[in-house]
Amino acid sequence: MDLIIDGYNLLHAVGIHAPRRGPQNHEGARGVLIRFLVASLSAEALHRTTVVFDAGPDAPRGLPRSLVEEGMTIRFAAGYDSADTLIEELILVCSSPRSLTVVSS
């Protein structure tokens, strides 16, 4: 993993917002971001990318903790205080954290 992205922070930074609160709107916004990344990154880069989303009270039931889309790992911070906490853990367990690029606020 070379690129770690805080998904909701990036969505906010580029102006992709769910028009209303709720699981379906967050799912749609996540889908837009994932499709954008798949179209923008090479297959090699996708395999080295992890996108982390918060999994708070608005998260749909049965939301997986992790899935793979076009080779890119998508993580949901279920069981963590926030996506930031999970991202910090991913950095700490990385054998060469200075090689990481982290996209967050």
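Here the structure is shown first, and the text comes after it.
Residues numbered from 1 in each chain as written. Predicted model: local features only at pLDDT ≥ 70, side-chain atom pairs only at ≥ 80, totals over all residues. Heavy atoms only, no water.

**Student:** So what about the sheet that holds strand β1 (residues 3–6)? Which residues, and what values?
**Tutor:** Strand order across the open sheet formed by five strands is β3-β4-β2-β1-β5, with mixed pairing between neighbours. Edge strands, defined here as strands with exactly one partner in the open sheet, are β3 (66–69) and β5 (101–103). Each strand axis lies, on average, 20° off the axis of its neighbour in the sheet, ignoring direction. Two elements, β1 and strand β2 (residues 49–53), share four bridges in a ladder whose sense is parallel. (Pairing = 2+ DSSP bridges. Helix = DSSP H or I, 4+ residues; strand = E, 2+ residues; numbered from the N terminus. Axes fitted to C-alpha atoms, helices over the stretch in contact; angles between N-to-C directions.)

**Student:** Can you break down the packing of aromatic side chains residue by residue, with the values?
**Tutor:** Counting across every chain of the model gives two aromatic pairs. Grouping aromatic residues by their ring pairs yields a cluster made of Tyr8, Phe53 and Phe76. The ring of Phe53 carries Arg30 above its face, with NZ or CZ at 5.9 Å from the centroid. (Phe/Tyr/Trp six-rings, centres within 6.5 Å; stacked < 30°, edge-to-face > 60°. Lys NZ or Arg CZ within 6 Å of the ring centre and 35° of its normal.)

**Student:** Report on the pattern of salt bridges, specifying residues and quantitative values.
**Tutor:** Scanning the model with the defined rule gives two salt bridges in all. A salt bridge links Asp2 to Arg48, with the shortest nitrogen-to-oxygen separation between them at 2.3 Å. Here Asp2, found in the segment before β1, pairs with Arg48, found in the loop between α3 (43–47) and β2; they are 46 residues apart in sequence, far enough to count as distant. In this structure Arg48 comes out as partly exposed when scored by relative accessible area, which is 33%. Between Arg48 and Glu44 there is a salt bridge; the shortest N-O distance is 2.8 Å. (Salt bridge = Lys/Arg side-chain N within 4 Å of Asp/Glu carboxyl O. Buried < 20%, exposed > 50% of the residue type's maximum accessible area, 1.4 Å probe, protein only.)

**Student:** Lay out the nonpolar core in plain terms, naming residues and giving numbers.
**Tutor:** Note that soluble globular proteins tend to have their nonpolar side chains buried in a common cluster. Membership of the largest hydrophobic core comes to 15 residues, with the highest contact counts inside it found for Ile5, Leu11, Leu33, Leu37, Val51, Phe53 and Met72. At the level of elements, β1, α1 (7–14), α2 (23–40), β2 and β4 (72–76) are the ones that each hand at least two residues to this core. Among the elements that line this core, the one with the most residues is α2, at four residues. Aside from chain neighbours lying at most four places away, what touches Val51 is Ile5, Gly7, Leu33, Leu37, Met72, Thr73, Ile74 and Arg75. Of all hydrophobic cores here, the second largest spans nine residues; its members include Ile4, Val52, Ala83 and Cys94. (Core = buried A, V, L, I, M, F, W, Y, C linked by side-chain atoms within 4.5 Å. Contact = heavy atoms within 4.5 Å.)

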